[in-house]
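Chain by chain, the residues:
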Amino acid sequence: MHALLPLLSSLGYVLQRSHMPEPMAVRHTSANMATDGVVGVGVIGAGRIGLVHLEALASCESARAVIISNPTVSKAEAAATKYKLDAFSANDMDVINHPDVEAVWICSPSQYHADQIKACAAAGKHIFCEKPIATDLPETIEAINACNEAGVKLMTALQRRFDPNFTRCKKAIDNGEVGDVVQIKLCSRDPAPPPFEYVKGGGGIFKDMAVHDLDMARYLMDSEPLEILASGSCAIDPAIKVLPGAEAFDTATIVMRFANGKEAMIDVCRQAPYGYDQRAEVLGKKAMIMTDNTYPNTARIYSASFTGNADMPYDFFMSRYKEAYVQETLAFVDCLVNDKPVPCSGEDGLVALVMAIAAGISAEERRWVKLSEITPQLCELAGECGITINMCDIPDDEDNSGGFSFANFFSSMQK
């Protein structure tokens, strides 16, 4: 299948780790959700994002981190010591198969996500996965289907949905404060460009950066995307110009048209010298709501030459979105303990990937790209997974403009 090469690569990765030290087990006290309401959690990956999630889990009374794995086992050991975990390992399968683990947090490099999700599903473990679910459509479909067949919950970690600023915008839309939405604007700028090696092979600015904004536009608009127009350029780091496609862009602009007839605009850039610039603006028929950047404090300086914030906005994503990581953790644990639907599903992650792919095609071919041009691949790929899809030619219910019905597609997948 399409996923064979990534799978072989991942198998080589696992085999390499099998020669590393065995996990250190200290105790095995069962954390059964049905009896004590505490979820036993295993974490794969002890890099920066893995530690962020361990910190968030430490603040959740209904979850207890049990074990962590990392190929460089010393990182796993250090994390286990700091957060008082029972065990650590160099092998992700030790996390997945640990008897006290009921849910697995996947914080590993993107190319391993799909195989780890499928392994978790096979073991009957619920999954919280950092974006993306996979790096391409075939593996994404396979991973989501594996979870559906196993009856386990899969949550995609699109943390901006849980950020207090964006959450307040969504609330203003849902409770009618702004009235009917007219248009949405999103801005996303990083403090500094990432290293060349991060950009190389990362899928480009639409997949590894703008995917958060694409998802947020859909989330706020509460309508499915129909078509996308995007353009990109290299305005910051000339070194990446040698890379293919959207990987050569460090600046991009996106316009999205939705099934409800409204549009959203997004601008992204890999460098803003003043810190993280993450803002949203929603214009409605009754009012407008907008967010500002987040600062370490509210102090302001007033002088003869300057009036403004005493300090720059946060310049590190873990500081900027610290509360969002906590809130998404609390939300998923609540879903597990109380058997609720996940607020940010694997399907949401798939739609975000499809939007990012459409944006990349648009930027390359310099034209509007309808998502219906891409979505037939979903039906073909679903068929290869043994899923019968009969609704792929049905337009979105909101109008007759030929939009793909994601709702019908996902409903068919889950049958």
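So, here is what we can say about the structure in this document. (Residues numbered from 1 in each chain as written. Predicted model: local features only at pLDDT ≥ 70, side-chain atom pairs only at ≥ 80, totals over all residues. Heavy atoms only, no water.)

1. Focus on helix α7 (residues 137–150)
Worth spelling out the cut-off: Here a strand is any run of E in DSSP of at least two residues, a helix any run of H or I of at least four, and the numbering for each starts at the N terminus. One less than the residue count of a helix, multiplied by 1.5 Å, gives the span that helix is expected to have. Here the term buried applies to any residue with accessible area under 20% of the maximum for its type, exposed to any over 50%, and partly exposed to those in between, with areas from a 1.4 Å probe on protein chains only. We define a polar contact as two N or O atoms separated by no more than 3.5 Å, with the added condition that, inside protein, one atom must be a possible hydrogen donor and the other a possible acceptor, whereas residues neighbouring each other in sequence contribute only through side-chain atom pairs.
Under the 1.5 Å per step criterion, the end-to-end length of α7 is 20 Å for 14 residues, consistent within 8% with the ideal 20 Å. α7 sits mainly inside the fold: 11 of its 14 residues count as buried. Every buried residue belonging to α7 is among Leu 137, Pro 138, Glu 139, Thr 140, Ile 141, Glu 142, Ala 143, Ile 144, Asn 145, Ala 146 and Cys 147, and all of these are buried. Between the side-chain oxygen at the start of α7 and the backbone nitrogen of Glu 139 there is a gap of 3.0 Å, and the oxygen is on Asp 136. Phi turns positive, to about 70°, at Gly 151, one or two residues after α7.

2. Thoughts on the pattern of salt bridges
Keep this limit in mind: Salt bridges are defined by distance alone: a side-chain nitrogen of Lys or Arg within 4 Å of a carboxyl oxygen of Asp or Glu.
Tallying each qualifying case throughout the model produces 22 salt bridges. Lys 153 is the salt-bridge partner of Asp 339, the closest N and O atoms lying 3.2 Å from each other. Of this pair, Asp 339 sits in the loop between α13 (322–338) and α14 (346–365) while Lys 153 sits in the loop between α7 and β6 (154–157), placing them 186 residues apart in sequence. Residue classification places Asp 339 among the exposed residues on the basis of a relative accessible area of 62%. As a salt-bridge pair, Glu 365 and Arg 367 come within 2.7 Å of each other at their nearest N and O atoms. Each of Arg 161, Asp 215, Arg 218, Glu 224 and Asp 348 takes part in salt bridges that share partners, so that together they form one network.

3. Points about unusual backbone geometry
Across the junction of Lys 131 and Pro 132, the peptide omega takes the value 0°, indicating a cis bond. Note that Pro 132 resides in the loop between β5 (126–130) and α7. At Asp 339, a residue that is not glycine, the phi angle is positive and equals roughly 50°. Phi at Arg 366 takes a positive value of approximately 55°, unusual for a residue other than glycine. The topology assignment puts Arg 366 in the loop between α14 and β15 (369–370).

4. Notes on the nonpolar core
To be explicit about the condition: Throughout this description, the term nonpolar core refers to a set of buried Ala, Val, Leu, Ile, Met, Phe, Trp, Tyr and Cys residues connected via side-chain atoms within 4.5 Å. It only takes one pair of heavy atoms within 4.5 Å for two residues to be counted as in contact.
Counting residues in hydrophobic clusters, the biggest one holds 109 residues, and the most contacted among them are Ile 68, Trp 105 and Phe 206. Filtering out sequence-adjacent residues up to four positions away, Ile 68 remains in contact with Val 43, Gly 45, Ala 46, Leu 54, Ala 76, Ala 79, Ala 80, Leu 85, Ala 87, Phe 88, Ser 89 and Val 95.

5. Here we look at the packing of helix α6 (residues 113–122) against α7
This is how it is decided: Whenever a helix is involved, its axis is fitted only over the stretch in contact; in every case the axis is a line through C-alpha atoms, and angles between N-to-C directions fall within 0 to 180 degrees. If an angle is under 35 degrees, it is roughly parallel; if it is over 145, roughly antiparallel; if it lies from 65 to 115, roughly perpendicular; otherwise it is oblique. When residues are grouped by polarity, Ala, Val, Leu, Ile, Met, Phe, Trp, Tyr, Cys and Pro land in nonpolar, Asp, Glu, Lys and Arg in charged, and all others, Gly among them, in polar.
Put simply, α6 and α7 touch, their axes get as near as 9 Å, and they point 10° apart. By the angle between their directions, the pair α6 and α7 is classed as roughly parallel. Contact residues: Ala 114, Ile 117, Lys 118 and Ala 121 in α6; Glu 139, Glu 142, Ala 143, Ala 146, Cys 147 and Ala 150 in α7. Split by residue class, the contact of α6 with α7 holds seven nonpolar, no polar and three charged.

6. Some words on the sheet that holds strand β1 (residues 39–44)
The strands that make up a sheet are held in pairs by hydrogen bonds between backbone atoms, and each pair lies either parallel or antiparallel. Using the following cut-off: Strands are labelled as partners when DSSP assigns at least two bridges between them.
Taken in spatial order, the six strands line up as β3-β2-β1-β4-β5-β6 in an open sheet, and their pairing is parallel. Of all the strands in the sheet, the pair left with one neighbour each is β3 (87–89) and β6. Shown here is a sheet whose adjacent strand axes are inclined to one another by a mean of 25°, direction ignored. As paired strands, β5 and β6 are joined by four bridges and run parallel to one another. Looking across to β6, one finds that Phe 128 is bridged to Met 155. Strands in contact with helix α4 (residues 73–82) are β2 (63–69) and β3; relative to β3, the strand with the most contacts, it is inclined by about 165°. Taken strand by strand, α13 contacts β1, β2, β4 (103–106), β5 and β6, and its axis lies near 160° from that of β5.

7. Examining the pairing of β1
Most of β1 sits inside the fold, with six of its six residues counted as buried. Neither face of β1 is left uncovered, since the one carrying Val 39, Val 41 and Val 43 and the one carrying Gly 40, Gly 42 and Ile 44 both have all their residues buried. Strand direction decides the pairing type here: β1 and β2, joined by six bridges, are parallel. What sits directly across from Gly 42, in β2, is Ile 67. Of the pairings in the sheet, the one linking β1 to β4 comprises four bridges and is parallel in character. Across the sheet, residue Val 43 finds its bridge partner in β4, namely Trp 105.

8. Some points on the environment of Phe 166
Here Phe 166 shows up in helix α8 (residues 164–174). When the C-alpha positions of Phe 166 and Met 216 are compared, they lie 8.4 Å apart, and in sequence the two are 50 residues distant. Residues within four places of Phe 166 in sequence aside, it is in contact with Arg 160, Leu 186, Met 216, Leu 220, Gln 278, Arg 279, Ala 280, Arg 320 and Tyr 321.

9. A word on the environment of Pro 313
Secondary-structure assignment places Pro 313 in the loop between β14 (307–309) and α12 (317–320). Pro 313 gets classed as buried once you look at its relative accessible area, which sits at 8%. Each C-alpha atom, one on Pro 313 and one on Asn 293, is 6.4 Å from the other, the two residues being 20 residues apart in sequence.

10. A short note on the side chain of Glu 328
The test is simple: Neither His nor the chain ends contribute to the count of charged residues, in which Lys and Arg are positive and Asp and Glu negative.
Here Glu 328 shows up in helix α13. Here Glu 328 sits buried without a salt bridge, and the closest side chain of opposite charge, Arg 161, lies 9.0 Å off (N-O distance). The residues contacting Glu 328, other than those within four sequence positions of it, are His 53, Phe 128, Glu 130, Met 155, Ala 157, Leu 158, Gln 159 and Phe 162.

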